[in-house]
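Okay, here's what each chain looks like letter by letter:
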Amino acid sequence: VQLQASGGGLVQTGGSLRLSCAASGRAFSSYTMGWFRQAPGKEHEFVAAISWSGGATYYAGSVKGRVAVSRDNAKKTVYLQMNSLKPEDTAVYYCAAKPINKAFSDRNAASYDNWGQGTLVTVSS
């Protein structure tokens, strides 16, 4: 599956953004989808994940309560709604996919097989 993230931009502290990740290829619904971010000079950081059906989600503690992940399998798209943004949320955000035979709860970036190109989110103070 090929992935393309979009929706990033510049927003003020406290603002909101919705990121999208469009997938191409077959069997999108056979993948767990994740969102990661990478700030300058730092490694990939897990943000959120959603199961193939959308019935299960989990979040990093740093974003829990401010972020919501969802998916539309008919549109082959996964979303990341981000609210109450903070300057420390500034990063390049990536969507990623892994087949459902891999552990859903494994938030290690290495467990994901397919990655989009990233979209930059900048939160100004």
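If you're wondering where the values come from, they're calculated on a predicted model, not measured in any experiment.

Calculation notes
Residues numbered from 1 in each chain as written. Predicted model: local features only at pLDDT ≥ 70, side-chain atom pairs only at ≥ 80, totals over all residues. Heavy atoms only, no water. Helix = DSSP H or I, 4+ residues; strand = E, 2+ residues; numbered from the N terminus. Rg over C-alpha atoms; globule rule 2.2 N^0.38 Å. Contact = heavy atoms within 4.5 Å. Disulfide = S-S within 2.5 Å. Buried < 20%, exposed > 50% of the residue type's maximum accessible area, 1.4 Å probe, protein only. Pairing = 2+ DSSP bridges. Axes fitted to C-alpha atoms, helices over the stretch in contact; angles between N-to-C directions.

Time to look at the overall build of the protein. Counting its secondary structure elements, the protein contains zero helices and eleven strands. Listing every helix and strand of the protein by position from the N terminus yields β-β-β-β-β-β-β-β-β-β-β. Relative to the compact-globule value of 14 Å for 125 residues, the protein shows a C-alpha radius of gyration of 13 Å, a close match. Along the longest, intermediate and shortest principal axes, the C-alpha atoms of the protein span 40 × 25 × 25 Å. Of the contacts formed within the protein by residues at least 6 apart in sequence, a portion of 59% connects residues at least 24 apart.

Per the stated rule, a full pass over the model turns up one disulfide. Here Cys21 connects covalently by a disulfide to Cys95, the sulfurs 2.0 Å from one another. Taking the sign of the S-S torsion, 65° for the link of Cys21 and Cys95, the bridge is right-handed. Highlighted residues: Cys21 in strand β3 (residues 17-24) and Cys95 in strand β9 (residues 91-99), separated in sequence by 74 residues. Accessibility expressed as a relative area gives 0% for Cys21, which makes it buried.

Once that is clear, we can look at the pairing of β3. Side-chain direction in a regular strand flips from residue to residue, so the side chains alternate between the two faces of the sheet. With five bridges connecting them, strand β1 (residues 2-6) and β3 associate as antiparallel partners. For Ala5, the partnering residue across the bridge sits in β3 and is Cys21. Relative to strand β8 (residues 77-82), β3 runs antiparallel, the two being bridged by six bridges. Looking at the pairing, Ser20 lines up with Tyr79 of β8.

To continue, consider the sheet that holds β3. The strand order across the open sheet built from four strands is β1-β3-β8-β7, with neighbouring strands paired in antiparallel fashion. The sheet terminates laterally at β1 and β7 (67-72), the two strands that pair on one side only. Neighbour-to-neighbour, the strand axes of the sheet open up by a mean angle of 15°, direction not taken into account.

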